[in-house]
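Analysis of the macromolecular model
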Amino acid sequence: MADGEFNSEVWTERYRPKKFEDMVGQEEVLKRVKALTNSNNIPHLLFAGPAGTGKSTLALIVVHQLFGESWRENYLELNASDERGIDVVRQKVKDFARTKAIGNVPFKVIFLDEADALTREAQQALRRTMENYTSTCRFILSCNYSSKILDPIQSRCVVFRFQLLEKKDIKRRIDLIARNEGLTITPEAFDVLHESSEGDCRRVINLLQATSSISPNITPDLINTIVARAKPSDIKIVLDYALAGDFNGARGKLLDIMLKESISGQDVIKAIQKEIWTLPIDNSLKVRLTEKTGEIEFRLVEGSDEFIQLESLLASFVLAGEGKSTTLGGV
Amino acid sequence: MINQENMPWCEKHRASCFADVKGQELAIDKVKLFLRSFPKKKSVILYGGPGTGKTSLAYAIAFEMDAEILELNASDLRDKQKIAEIIGPASQQRSLFRKNKIILVDEVDGISGSDRGGLGELLVVIEKTAFPVIITANDIWQQKFGLLRQKAEMVQLKDVDYKVVLTLMDDICRKENIVVSRDILTSIAIKARGDIRAALNDLQILSKMDSPQLIREIGERNKEQSIFAALQYVFKNSKIDDKMTKIYDEVNMPIDEIFLWVEENIPTEYKGEELFKAFEALSKADVFRGRIMRQRHWRFLVYENFFLSGGIAGVKKYNRAGWTSYKKPTRILKIWLQNQRAKKKKTICEKFAKHTHISTKQAMKDWLMIRILLKGDDIRKRLKISDEEIEYLEKPLAV
């Protein structure tokens, strides 16, 4: 593709595997899911594993295999992290499950992505819903951590664990895309693609497509340009303000970043916790601050207003900036 | 840096001459009389409720006299030495560039009567000065101002009639090139209760919003009076007694809103260690609030209330003097404004998320990458991106 030409499709979709054989990695999972699908009667499934390892792709393949052309009528995709509460999920499931499946397969399939975003209470409700419609519907749930899914739900599903894709597997997909799109990718460039995407295949492909919008000759420099352009603002700036004693500056910046980049309090805490060790302060302070960060992460779950909790954490960074470790210990 | 764009309208459109100070004809006449008879009395006190035009009138005096303003705020006045340094010599020297000079002491209520004698110093200055001393005050009838009142000409600024506020807002709407319905302007004017600054602030906020029904959010002024009093009590007193723990009972607003007021104003009152401890208390209050929500265990309300009042008050060792002007919480408004601005972003992300089988939340996080991917007509057509959304995508800093 020449410079300045644009794509007509998002590559993660254009190159999403359509058959079991197209998928890379997850050999064991594939073998078993394929066998279940071929029997035309799947149980409820739970796909657990990191992002970008093929959970949604496999769910779609199952559905395509089962229903062929009429898959759209028999398939409902929901994302738990987007639905406002379990009631919405139940209503949608109810509406969808009311009518009988079209075709040879006696059930419909509901794919509930990011099921671990549901609270315990919501999962309890989901469990009853799964039972109520078990004669007409099969659920495929996906999550990052199966430990966040209630036992009674897990026991109703066949659980499949997805592993992070190996580098060579991702390379196979990337090579295929490069051939089709007329790209040249140096080995170094592939390394950069892989590293900056943390082994998440979806992100690797997105990054590749974005880079190709500059030039078909993919180089590490080019990739880094895109990475820099798509890089979210650094939480470190917030800590810099706080350590310099400017509390208002710090909280203003924090709100700004959280709003503009749509990141949650949990994301912020994670970033702060990683950042502490790079800060120019005493080791003893780092220990105290890490302890405090852990405490605030706990309160984030217990409390009701994430921002207040984060402000409280920022206030302790202000103190740390003044070198006061003793006060930080306890109040 | 302040540019004209985000400058508060009450500053941007501040009156510059007597004719611009609306609704205070009587006060202006009295001021004129005072200036003509100067130095029979050397000082004038402009007093009245917030936003009635005291500071504007002071600036207008300077303009009419072609005088330079030497302004002192409350914290300068608390310092005896500073007063002696600044006002002492300055009031006896003629300005280099202009013939005249006036000394402006804005918000004299800020001076404490007892500590470090700022008030006494001010009286000395009035005694010695060669230039008019203009003093503004919300409440001048406190006992400690007795002597000051005798030395100065008293000029009251009355609460501005809502019709005057209305004409003023009309004028500003024309200058800012915005259209707001008559009903809404009137309701802002009435709700302001004679406070021009409040009215202009509300108008400015409203002008940034798509939906004028948000006027309800802006709320009534007297609600603020009660929260001011409560905050004053919590932030100035250190003793935790019965009154302290029940202080928010008298505030006519939901507790969640009180949280926001406290949160916004902690840094105005506390620094360093006190700031840390106050936020620690607020954080704990919030944890109990979360537990109440989740477990419906209303007994926890006691603890929530305690940390929000006594917990915040108790972080300081001594009572605190002085008067602080508390700020209205801005966080919720900022979130709302950002959501308005990012409406298009949200709808684009919804389309992208559906198309690529990811959550909208994930798409929002990947926004900067998605912007790069959504270049060119074909891909936009495939995802059914609308013209308005394309316009948003093309904006250089659509975040």
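Worth saying up front: this structure is predicted, and the values here are computed from it rather than measured.

1. With respect to the sheet that holds strand S2 (residues 75–79) of chain A
All names here are of chain A. Read across the open sheet, the five strands follow the order S2-S3-S4-S1-S5; overall the sheet is parallel. Only two strands of the sheet have a single neighbouring strand rather than two, namely S2 and strand S5 (157–161). In this sheet, neighbouring strand axes are inclined to one another by 15° on average, regardless of whether the strands run parallel or antiparallel. As defined by bridge partners, strand S1 (residues 44–48) adjoins S5 across five bridges and the pair is classed as parallel. Following the sheet pairing, Leu45 is matched in S5 by Val158.

2. Things to note about the nonpolar core
Proteins that are soluble and globular tend to have nonpolar side chains buried together. Ala242, Leu314 and Val318 of chain A together with Leu275, Ala278, Leu282 and Ile312 of chain B are the most contacted members of the largest nonpolar core, which totals 56 residues. Not counting chain neighbours up to four residues away, the residues in contact with Ala278 of chain B comprise Ile266, Tyr270, Ile312 and Val315 of chain B. One finds Leu46, Phe47, Ala97 and Ile153 of chain A within the second-largest nonpolar core, a separate group that totals 39 residues.

3. Examining the sheet that holds strand S5 (residues 152–156) of chain B
Residues and elements named next belong to chain B. Taking strand neighbours across the sheet as the criterion, the five strands line up as S2-S3-S4-S1-S5 in an open arrangement whose pairing is parallel. Among the strands making up the open sheet, the edge pair consists of strand S2 (67–72) and S5. Averaged over all pairs of adjacent strands, the angle between their axes in this sheet comes to 25°, without regard to strand direction. Alignment of strand S1 (residues 43–47) against strand S4 (residues 133–137), held across five bridges, turns out to be parallel. Among the inter-strand pairings, Leu46 is bridged to a residue of S4, identified as Thr136. Helix H2 (residues 25–37) contacts S1 and S5 of the sheet and is inclined by roughly 165° relative to S5.

4. Description of the confidence of the model for chain B
Residues and elements named next belong to chain B. Taken residue by residue, chain B gives an average pLDDT of 83. The fraction at 70 or more is 85%. In the model of chain B, helix H11 (residues 215–218) stands out as the element of lowest mean pLDDT, 46, in contrast to helix H16 (residues 301–313), which has the highest, 94. A low-confidence stretch, residues 212–220 (pLDDT under 50), is modelled with 13 contacts involving residues beyond four sequence positions or located in other chains. Listed scores for the predicted complex are pTM 0.60 and ipTM 0.84.

5. Some thoughts on helix H7 (residues 167–181) of chain A
All names here are of chain A. Relative to the 21 Å expected for 15 residues at 1.5 Å per residue, H7 spans 21 Å between its end C-alpha atoms, a close match to the ideal helical length. Taken as a whole, H7 has its buried residues at Asp169, Ile170, Arg173 and Ile174. Across the axial projection of H7, the buried residues extend over an arc of 135°, all falling on one side. H7 presents Lys167, Lys168, Arg172 and Arg179 as exposed residues on the side facing more than 90 degrees away from its buried surface. Buried residues belonging to H7 abut strand S6 (184–185), helix H8 (187–196) and helix H9 (201–212). Gly182 sits one or two positions beyond H7 and adopts a positive phi of about 65°.

6. So, the interface of chain A and chain B
On the chain B side, the residues contacting the 47 residues of chain A number 40 residues. Of all the secondary structure elements, the ones that give two or more residues to the side of chain A that touches chain B are helix H1 (11–14), S2, H9, helix H10 (220–229), helix H12 (247–260), helix H14 (283–302) and helix H15 (306–321) of chain A. Sorting elements by how many residues they give to the side of chain A that touches chain B places H15 of chain A first, with nine residues. Partitioned by chemical class, the residues of the side of chain A that touches chain B number 15 nonpolar, 17 polar and 15 charged.

7. Quick word on the packing of helix H8 (residues 162–176) of chain B against helix H10 (residues 196–207) of chain B
All names here are of chain B. Interhelical geometry of H8 versus H10 gives an angle of 35° and a closest axis separation of 11 Å. Between H8 and H10 lies a crossing whose hand is right-handed. On H10, the residues touching Val165, Leu168, Met169, Ile172 and Glu176 of H8 are Ile196, Ala199, Leu200, Leu203 and Ser207. Among the residues making up the contact of H8 with H10, the classes are represented as eight nonpolar, one polar and one charged.

Definitions and limits used
Residues numbered from 1 in each chain as written. Chains lettered and ligands numbered in written order. Predicted model: local features only at pLDDT ≥ 70, side-chain atom pairs only at ≥ 80, totals over all residues. Pairing = 2+ DSSP bridges. Helix = DSSP H or I, 4+ residues; strand = E, 2+ residues; numbered from the N terminus. Axes fitted to C-alpha atoms, helices over the stretch in contact; angles between N-to-C directions. Core = buried A, V, L, I, M, F, W, Y, C linked by C-beta atoms within 7 Å. Buried ≥ 20, exposed ≤ 12 C-beta atoms within 10 Å, placed from the backbone. Contact = placed C-beta atoms within 7 Å. pLDDT = per-residue confidence, 0-100. Expected span 1.5 Å × (residues − 1). Arc of directions from axis to C-beta. Nonpolar A, V, L, I, M, F, W, Y, C, P; charged D, E, K, R; others polar. Left-handed = near helix turned anticlockwise from the far one by under 90°.

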